[in-house]
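Examination of the molecular architecture
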Amino acid sequence: MAHMCRQITGSAASCAGWVGLIVATATNDWVRTCDYTVTTCLRMDELGSRGLWAECVISPALYHCVALSQILTLPAYVQTSRALMICACLLGLPSMLLVLMSMPCVRLQNDTSAIKRLRARVGGVLFILIGVCGIISTVWFPIGAHHEEHLMAFGVSLYAGWVGSILCLLGGFVILCCRGTDPGIPSRDNSFYYSRQGGTKMQKIHVIFFFTN
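Summarised in this report is the structure supplied together with it. The shown structure was predicted, so the numbers you read here are calculated from the model rather than taken from an experiment.

1. Notes on the environment of Ser 95
Residue placement: Ser 95 occurs in helix H3 (residues 76-101). A relative accessible area of 0% means that Ser 95 is categorised as buried. Put simply, Ser 95 and Ala 120 are 25 residues apart on the chain and 8.9 Å apart in space, counted from C-alpha to C-alpha. Other than its neighbours up to four places away in sequence, Ser 95 contacts Gly 123, Leu 126, Phe 127 and Ile 130. For Ser 95, the side chain forms a polar contact with the main-chain oxygen of Leu 91, separated by 2.6 Å.

The structure is reproduced here in C-alpha cells:
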C-alpha cells in the first residue's frame, strides 16, 4: 500500500510539473526588461516582456507583441531554451504513459512485477531528464536576457517553469524510489507447476487407496 501511495504521489507531482512546463513554453512572460524605473517605463511605453516566441511591449493601454520568427538571427540562449523546452514537453507524454502502465492497479497481458518496475524506472528517469531540461532553460534564459538588456523582473512564465521543473525532478526521484513488488500478479509458470503437482498427489492418493482396499 505504501509503495502504491508513493508511486501515485510521484506520478501526480510529475504530471503537474509537466503541465507547468507546457504553460511556461506556450506563454511569453519570461522576463521583463526596463532601462528606467517601473513608473517611467510605463509612461514611456518601454516596459518590455520577453519569452521564447515573442517580445512584447506593456503599457496601461497597450499590449503589443512581435513574434521572434527569424530563427537564424536569434541569440543562442533563445534557440537553446526553445529546443530544451520543446524536448521536455514532448518527453512528458511517453513518460506519463510508462508510469501509468507501471501502476499496480493496471493489468496488461503477460505483465510481471519485473516489467512494471522497469517501466516505472524508465518513466522516472525521463521525468528527471524533463526537469533538468526545464531547469537549464529557465536559468539560462534570464541570464542571457540580462546580458542583452537591463533585466528588471522575472515573469509569471518563468516561475511556472521553475515550479514545473522542480516538481518533475521530485516526482521522478519518488518514482525511482518505488521498488516494491506487486503481490497481486501471480506467475503463470509457478501456478501451473503447483496445480499439476497437486493433481499428481491426488492421483497417487486415489491409487494407494484403491490398492489398499
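After that view, the rundown keeps rolling.
2. Points about the sheet that holds strand S2 (residues 47-50)
Taken in spatial order, the five strands of this open sheet run S4-S3-S2-S1-S5, and their pairing is antiparallel. Either end of the sheet is taken by a strand with one partner, and the two such strands are strand S4 (62-67) and strand S5 (151-154). The mean inter-strand angle of the sheet, taken between neighbouring strand axes irrespective of direction, is 25°. Relative to strand S3 (residues 54-59), S2 runs antiparallel, the two being bridged by four bridges. Across the sheet, residue Ser 49 finds its bridge partner in S3, namely Cys 56.

Rules behind the numbers
- Residues numbered from 1 in each chain as written.
- Predicted model: local features only at pLDDT ≥ 70, side-chain atom pairs only at ≥ 80, totals over all residues.
- Heavy atoms only, no water.
- Helix = DSSP H or I, 4+ residues; strand = E, 2+ residues; numbered from the N terminus.
- Buried < 20%, exposed > 50% of the residue type's maximum accessible area, 1.4 Å probe, protein only.
- Contact = heavy atoms within 4.5 Å.
- Polar contact = N/O pair within 3.5 Å; in protein donor to acceptor, adjacent residues only side chain to side chain.
- Pairing = 2+ DSSP bridges.
- Axes fitted to C-alpha atoms, helices over the stretch in contact; angles between N-to-C directions.

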